[in-house]
Every structure is written in structure tokens, then in C-alpha cells.
Amino acid sequence: MTDILDNLSEIHDLHRSLTIIQNLNVGVIVLDKNFKVKIWNSFMETKSGIEGYKINDHSIFEFFPELANSWLKDKIVEAFSMDTLVFSSWEQHKEVFKFANSRPFTGTSSEMMMNFTFIPVMSLTGQCEEVTVIIYDVTDEASSKLSLQDANKRLHELSITDRLTTLYNRGYWEECLKQQYNINKRTLMPITLMMFDIDHFKNVNDTYGHPAGDAVLREVSAILKKQIRSTDIAGRYGGEEFAILLVDANRESAFMVAERIRKAVEAHTVYYEDMVIKFTISLGLCTLSETIPSAQEWLVSTDNCLYFSKEHGRNRTTQYGLNDTEATMNIKPEYKHGTKK
Ligand SMILES: Nc1nc2c(ncn2[C@@H]2O[C@H](COP(=O)(O)OP(=O)(O)OP(=O)(O)O)[C@@H](O)[C@H]2O)c(=O)[nH]1
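Labelled according to an unreviewed UniProt entry, the protein appears under the name diguanylate cyclase, originating from Ruminobacter amylophilus. In its Catalytic activity (unreviewed entry) section, the UniProt record describing the protein reads: "2 GTP = 3',3'-c-di-GMP + 2 diphosphate". Per its UniProt entry, the protein bears the Cofactor (unreviewed entry) comment "Mg(2+)".

Here's what the structure looks like:
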């Protein structure tokens, strides 16, 4: 009689445990060493559309063949060889089970994002015979985190970008200048600083109006972007002044790039409303060498070359240390960087 009562009590305990597992709001899968499903709770049934009685005692790969070579399989294998619980967050894996996001209208993801816990289940002899996989739906938290990351990225981009031209703004570009100066001191990779300025830009504004002047600035930036490498670092330094770090460019290649840009601008026409606008640019170049003691000096030397071009006919490129060296050194004080505006 006591035996029967004990058995009934055990059956009751088992039934209670199964009821709890079935109704948990997390996925519970128990797999044996052959990846055969031993428990597939109702969360898994609802999300996958596969009922427990169909998948139980079948390999999980029969129903989810894409998992046969997946991160999930590796994790389960790992869990069998360890005797501790392993947790893995949604950030550590790509899609595993492709379950639909149950709140697609509020979330940013169409698929459910999941955290996992892998629990080795030890037998009475101390062997790991089964692994329990717990799956948590963390789509809301993950979506919020991703949105925040996106917003921060966007904010950062805005904080370093010039609105009109979409080039880097002066503050950020100057940081890059210092960084490149320091990098170059270590690597000795050739690098040339180029600055240019639109000729008689005040006339463009005065003749065609400020919005037309803005269109000119935008189109010059577009020409510039087309002519330089993606690794070059281009910024709008001032109103109509641009500064570009030509990475891995020695004197010769930098001069070629500068002339290519100058000629492209000369050949270009801006059509704004019914106005036809032609213009040119003046350029200065300075290839970094050990004689240049600081990033600031590098900038000043390049700017001097630019204003030498202005002084000597405009629509031309002046290169530091090659042509016109003495002249660039004796540039009029009012053309020194930052004073002529
Ligand atoms: N449309 C427009 N004009 C700007 C902007 N920023 C600065 N400017 C104008 O750029 C002009 C610069 O004029 P200056 O410094 O005299 O130079 P410049 O007329 O180009 O003459 P040079 O440089 O000597 O060839 C000024 O008229 C500024 O108002 C801008 O964002 N949009």
C-alpha cells in the first residue's frame, strides 16, 4: 500500500514538473547525445509550429537541417563535454531558429532575437547524457539596444560631418591631421596635405546669390570625392576652403591628384536655376618630411602654398619645397593662414 502511495506521489511530482516546463514562457529543449529531442515545450511548439509529439525522439536536424553545421550545434557539443552551465547572448550569434518576432510592429527586427542557456544534465553515474537548451525571447531588449547603437552612430556621424558638403567638419578633420602626423612619424609612409580654395568665391555669391554659392560648394565636394581614394581624409576647412590628407601619396602622386582635381573643377559647370556658373580653384600641397616639426606647421606650410597660388594667378597648384619654395616662405603676412579672411 505504501509503495503505491509513493509511486503516486512520484507521478504527481513528475506531472507537476512537466506542467511547469510546458508552460514556461521560455523555450525548453532537451536533447540526447544523438541530438534526439526528448523535451520540446509548448513555447517551442508555438514559435516553431512543430508539435512535441512529432519531433520527440527525432533528431532535431530532421526538422531544422540548417542547424546541422551551426553555432548552436557546436554549443551543444561543448555543453556535453563540460559540466557547467553556459550562457550565450543574442549578440554572440546570428540567426539560429528563424522564429517570427511576436511584436513586429513595435520592434525593429522581423525575427525573434534569443539568448540561450545550455545546461548539461548529468545521469546518476555522473555522465552527461542530455543537454537542456533554454531559449529566451529578447527581441524587445535587443531591438532597443540596436536602435540606441544606430542613433549613437548617427549622432557621431552628424557631429563630425559638415552639413552642406557632407565632408568632415573642421574640428574632426583637425583631429585626423594630428593623428596622421603622429602615425607618419612612426611609419614614414608618404603622406601629403592638400588644401584648396575656390577662386573669387565672393563674386560667385555676389553675382548669383548665396544658394547658388552653396550649390557650387556641394558640387566641388562631389568632384573632390570622385577624384580621391576612399582612404584619403577630406574636410571642409572653412567657408570655401577644403583640406585633404592624401594618404600614401608622395610629392609626385599628390601633384597628379591635385592637378586632376584642378582640371576637373575648371572643366565643370554648375547649372543653378537658370544660371550657368564657371569657376576655378587654387591649391597648395605639402608632403610631410622630418623638417616639419608639428601638425600645425604642416598646415601652415600647405596654406602658404595655397596662397602663393592665389598670389600668382590662381587656378594653379603650388607644391611646398619644390617649385617656388623661397617665394612661399616670403609670402605676404596678410596671406598667412587664418589672417586673410
Ligand atoms: N554660399 C556660401 N558662401 C560662403 C559660405 N561660407 C563662406 N562663404 C563665402 O565665401 C566668400 C569667401 O570670400 P573671400 O575670402 O573674399 O575669398 P574669394 O572671394 O574666394 O577670393 P580668393 O580666395 O582670393 O580667390 C565670402 O563671400 C563668404 O561669404 C557658405 O557656406 N556658402
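Time to look at the side chain of serine 301. By the element assignment, serine 301 lies in helix α11 (residues 295-311). Among the polar contacts listed, one links the side chain of serine 301 to the backbone oxygen of glutamate 297, at a separation of 2.8 Å.

On to unusual backbone geometry, then. Of note in the backbone geometry, aspartate 248 takes a positive phi value of approximately 60 degrees without being a glycine. Here aspartate 248 lies in the loop between β8 (241-247) and α10 (251-267). With relative accessibility at 40%, the residue aspartate 248 sits in the partly exposed group. One non-glycine residue, asparagine 315, lies in positive phi territory at about 45 degrees. Secondary-structure assignment places asparagine 315 in the loop between α11 and β12 (317-319).

So, about the packing of helix α8 (residues 201-208) against helix α9 (residues 210-227). At a minimum axis distance of 6 Å, the contact between α8 and α9 shows a crossing angle of 135 degrees. Judged by the angle between their axes, α8 and α9 are oblique. Contact with α8, carried on its side by Phe201, Val204, Asn205 and Tyr208, involves His210, Ala212, Gly213, Val216 and Leu217 of α9 and no other residues of that element. Grouping the amino acids of the contact of α8 with α9 by side-chain chemistry returns six nonpolar, three polar and no charged.

This part is about the sheet that holds strand β7 (residues 233-236). The strand order across the open sheet formed by five strands is β7-β8-β6-β11-β12, and the pairing between neighbours is mixed. Pairing within the sheet leaves two strands with one partner each, and these edge strands are β7 and β12. Averaged over all neighbouring strand pairs, the angle between strand axes comes to 15 degrees, with direction disregarded. When strand β11 (residues 281-287) meets β12, the two strands line up parallel, connected through three bridges. The residue bridging glycine 284 from the neighbouring strand is threonine 318, located in β12. Running at roughly 30 degrees to β8, helix α7 (residues 170-187) makes contact with β6 (191-198), β7 and β8 of the sheet. The sheet contacts of α10 involve β6, β8, β11 and β12, and relative to β11 the element is tilted by about 170 degrees.

Taken together, 18 residues are adjacent to the ligand, and His200, Phe201, Asp214, Arg236 and Arg314 come closest. In this structure, asparagine 205 approaches the ligand through a side-chain N or O atom, which is 2.8 Å from a nitrogen atom. Separating an oxygen atom of the ligand from a side-chain N or O atom of lysine 310 is a distance of 2.9 Å. Contact with the protein chains hides 76% of the accessible area of the ligand, taken as 670 Å² for the molecule alone. Contributions of two or more residues to the shell around the ligand are made by β6, α8 and α9. Examining the composition of the shell around the ligand, we find that four residues originate from one element, α9, more than from any other. Across the shell around the ligand, the residue classes break down as four nonpolar, five polar and nine charged.

This next bit is on the domain arrangement of the protein. By the assigned domains, the protein splits into domain 1 (2-146) and domain 2 (161-335). Look at where the C-alpha atoms of domain 1 and domain 2 centre, and you get two points 60 Å apart.

With that out of the way, let us pick up the pairing of strand β5 (residues 128-137). In this sheet, β5 lies alongside strand β1 (residues 27-32) in antiparallel orientation, the contact comprising six bridges. When the bridges of β5 are listed, aspartate 32 appears paired with glutamate 130. Sheet topology places strand β4 (residues 114-122) next to β5; nine bridges connect them, and they run antiparallel. Bridging from a neighbouring strand, isoleucine 119 pairs with threonine 132 of β5. Connecting β4 to the antiparallel partner β5 that follows it, the hairpin turn spans five residues, and glycine 126 within it adopts a positive phi of roughly 85 degrees.

Before going further, it helps to examine the packing of aromatic side chains. Within the structure shown, the criterion is met by eleven aromatic pairs. Pairing phenylalanine 116 with phenylalanine 118 gives two aromatic rings, centres 5.8 Å apart and planes at 10 degrees, and the pair type is stacked. Using a relative accessible area of 0% as the deciding quantity, one classes phenylalanine 118 as buried. Three or more aromatic residues joined by ring pairs make a cluster, and in this case those are Trp40, Phe64, Phe97 and Phe99.

Secondary-structure assignment places threonine 165 in the loop between α6 (139-160) and α7. Side-chain polar atoms of threonine 165 contact the side chain of aspartate 162, separated by 2.5 Å. With near-sequence residues (within four places) excluded, threonine 165 lies in contact with Leu217, Ser221, Lys225, Arg236 and Phe242.

Scoring rules and cut-offs
- Residues numbered from 1 in each chain as written.
- Predicted model: local features only at pLDDT ≥ 70, side-chain atom pairs only at ≥ 80, totals over all residues.
- Heavy atoms only, no water.
- UniProt positions renumbered as here; feature names shortened; annotations may be inferred.
- Helix = DSSP H or I, 4+ residues; strand = E, 2+ residues; numbered from the N terminus.
- Polar contact = N/O pair within 3.5 Å; in protein donor to acceptor, adjacent residues only side chain to side chain.
- Buried < 20%, exposed > 50% of the residue type's maximum accessible area, 1.4 Å probe, protein only.
- Axes fitted to C-alpha atoms, helices over the stretch in contact; angles between N-to-C directions.
- Parallel < 35°, antiparallel > 145°, perpendicular 65-115°, else oblique.
- Contact = heavy atoms within 4.5 Å.
- Nonpolar A, V, L, I, M, F, W, Y, C, P; charged D, E, K, R; others polar.
- Pairing = 2+ DSSP bridges.
- Near = heavy atom within 4 Å.
- Areas by Shrake-Rupley, 256 points an atom, 1.4 Å probe, with all protein chains shown as cover.
- Domains from an automatic or database assignment.
- Phe/Tyr/Trp six-rings, centres within 6.5 Å; stacked < 30°, edge-to-face > 60°.

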